[in-house]
Structures are given as structure tokens and as C-alpha cells.
Amino acid sequence: MEKIILTGDRPTGRLHIGHYVGSLKRRVELQNSGEFDKIYIMIADVQALTDNFENPEKVRQNILEVALDYLSVGLDPAKSTLFIQSQVPQLTELTTYYMNLVSVSRVERNPTVKAEIQQKNFEKSIPVGFFTYPISQASDITAFKATLVPVGEDQLPMLEQTKEIVRRFNMIYGGEALVEPEIMLPENETCRRLPGTDGKAKMSKSIGNCIYLSDDAETVRKKVMDMYTDPTHIKVSDPGHVEGNAVFTYLDAFSKPEHFEKYLPEYKSLDELKDHYTRGGLGDVKIKKFLNSILQEELEPIRARRKEYEKDIAGVYEILKAGSAEARRVAENTLQDVKNAMKINYFADEELIKAQTEKYKG
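Worth saying up front: this structure is predicted, and the values here are computed from it rather than measured.

Procedures and definitions
- Residues numbered from 1 in each chain as written.
- Predicted model: local features only at pLDDT ≥ 70, side-chain atom pairs only at ≥ 80, totals over all residues.
- Heavy atoms only, no water.
- Axes fitted to C-alpha atoms, helices over the stretch in contact; angles between N-to-C directions.
- Helix = DSSP H or I, 4+ residues; strand = E, 2+ residues; numbered from the N terminus.
- Parallel < 35°, antiparallel > 145°, perpendicular 65-115°, else oblique.
- Left-handed = near helix turned anticlockwise from the far one by under 90°.
- Contact = heavy atoms within 4.5 Å.
- Nonpolar A, V, L, I, M, F, W, Y, C, P; charged D, E, K, R; others polar.
- Polar contact = N/O pair within 3.5 Å; in protein donor to acceptor, adjacent residues only side chain to side chain.

### Notes on the packing of helix H3 (residues 56–73) against helix H14 (residues 284–310)
Next, step 1: Across the interface, H3 lies against H14 with an axial gap of 8 Å and an inter-helix angle of 125°. On the basis of their axis angle, the class for H3 and H14 is oblique. Two packed elements cross with a definite hand, and for H3 against H14 that hand is right-handed. Across the interface between the two elements, Glu65, Leu68, Asp69, Leu71, Ser72 and Val73 of H3 pack against Ile302, Arg305, Arg306, Tyr309 and Glu310 of H14.
Next, step 2: A class-by-class count of the residues in the contact of H3 with H14 yields five nonpolar, one polar and five charged.

Next comes the structure, spelled out in C-alpha cells:
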């Protein structure tokens, strides 16, 4: 069996460093590992429209932003197929067939759906498209017969629902038309959910607590220097708390041993830095400057690549156009497998036509 990856993002805004440590960086590593036969990266505009249906222009504009972020972090169209979800109509047809395999109560129990319904105030008027997007996600994954799906922790319930749909489909219709995917979470537990710069549980575009991959160096510096630390750590001499301190959470996600030698040689490791902060005698400004140096080193090559791609926007659209054409070809093959399994391949089923001909010969 081929080893295939499918993953992607909703184009609701520019991507930030939470996306980067949670999925983007790992995608590039997997792409460059040579271990996978095919890698599909989807810009999920159909899913974005489920709760942005009144503002399609927002989604339209952000498709390019996401594509530029993908290319700037190192996703390579020669190694990965980058495509737009709405440009692959086979996904919608697969979704329709899968809807019959899932009950309303099962979707209602999906923790991700429940949380997002509350977050978006959809309790009284849930758009059907939004309610069924776990089923749409299953069609995205299965259309490409993905064997591995790298996701953030919040997407685990969605992937479990995909696995259920695959098992149910194969059980009802026989054979192995659909492939059950495996889930890959970030290796670094801290990266599974990077908090916002204000210490909130999650980066949010609406709150404005994100550091974007496309932020310039000065913007990143300002955001880092304004980051939430420990409100009880008022004086340098005060003992500080590492838990819940956003700066140290970011250092958990980004710092490497070589960073200390390069930017903070008086400390040998992050544990040593944390120990000093906890004892007292280490100021917030110093650790923020250290974090800023690390982030600038990580983000500078990304910013440079983005500037190059920004010089040829038409070329970026051509990459997405070619990727979408390839995605349609592959999804069509899976759709035919599904129709064959369900026996709704009427015109291609010669035995059916022959049997019906005999039946009505009279």
C-alpha cells in the first residue's frame, strides 16, 4: 500500500506560529523525508464557507495568504500537491454518500463540533453545512486514500469520525474501497496547542494574540516584548512561575540547545533558565529578548521566501491550479471505486445491463 498524507487548513486568515509548530513545520519534514509516495495539502475553502457564508470575499482573499504561507515555510509543489478544496467537486459527491452512514446524534456528540457551535454562537441556528463538516472532512481524507493525517490535538475527534465512516462503508458495501487513516499528532506536546501571546489558551485572529508567519521583524519583536509572563513576578528579585507563562511555553516549543550557546551563553539549557526564573533574580525582559532572537532566526528564512513568491502571484495561482487538477484526477478514481462498491455505477456495469436485457426480452 502507498504511504499517502492528506492535511490542510481553512483559509480564514494568515497562518501564525501556532500553525507552524502544530503542523506546518512537521509537514515540511515529512515532505522532505522521502518516506511518502504522495502528499496532498488542501486549502479548505468549502469548510471555511460553512461559517463565513455571508463573507465569501474574506475566504477568497485568504486563499492566497495561506498559499503564500505554505510556500514560504518550504512546502514544495514539486513534492507536495497543493490544491483548493472547492475546485475538486468529487469531494462534495463523496460527502453526500457518507451522510447516510452517520446519525445526527453522532455528529452532535463530536466534541470539536460541540465546542465550535458554542464558540460561534450557533446553538439556535446551526447551518447544515457547518454541522456536517466532519463528514466533509472524511471525504477529503478518503478521496486521496490517505494513510496518515498530521493534525493538531483539537482535530482528534474529527479523525475518529472519519475512521468510523471508513469502517462502516467497507462493512456495508464490502471490500476495501476506502482506506482507514492513521493520526499523527505533533511530537512535542507543547506544540499541540501553543497559547496566544496574551496567555490565552489558543491563538485567535479575532482576539489579536497571534504572531503571524508574515509579520516583519519589528512587529514580531513588539509582540514578544508585550507577551504575557507571570503577573506575580513584579520585581526581578521576585520568584517567578513557569507554568502558564507564555514566554516559557514558547521557549519549550522553539528553543534548542544551540540557541543558548548563541544568544544566552550564561545558561546551558532551558531547565537551567527555568530554575533561575523560579528562584528569582531573572527579569522578564531578558527572557523575552532571548525568545525574540530565537523567533527571528526561525522566521527570517520564511519571510525571505515569501517575498520571492510575492513577486509572482500569477505563478502562485498556477501552482494551485495544477495541484487542483491533479487532486480532481485522484479523487475521481476514488469516487468511481465508491460508486462501484455501492453498485451505483449503472452505465459501467455491463452485467447489470445484460441481466436487465434478458429480463425484459419477453
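### Remarks on the side chain of Asn170
Next, step 1: Along the chain, the position of Asn170 falls in helix H9 (residues 156–173).
Next, step 2: Ignoring anything within four residues of it in the chain, the contact list for Asn170 reads Gly175, Glu176, Ala177 and Leu178.

### Focus: the side chain of Ser72
Next, step 1: Of note, Ser72 is situated in helix H3.
Next, step 2: For Ser72, the side chain forms a polar contact with the main-chain oxygen of Asp69, separated by 2.9 Å.
Next, step 3: Ignoring sequence-local partners within four residues, the contact set of Ser72 consists of Ile302, Arg305 and Arg306.

In short, the description is geometric, and any link to function would need to be established separately.
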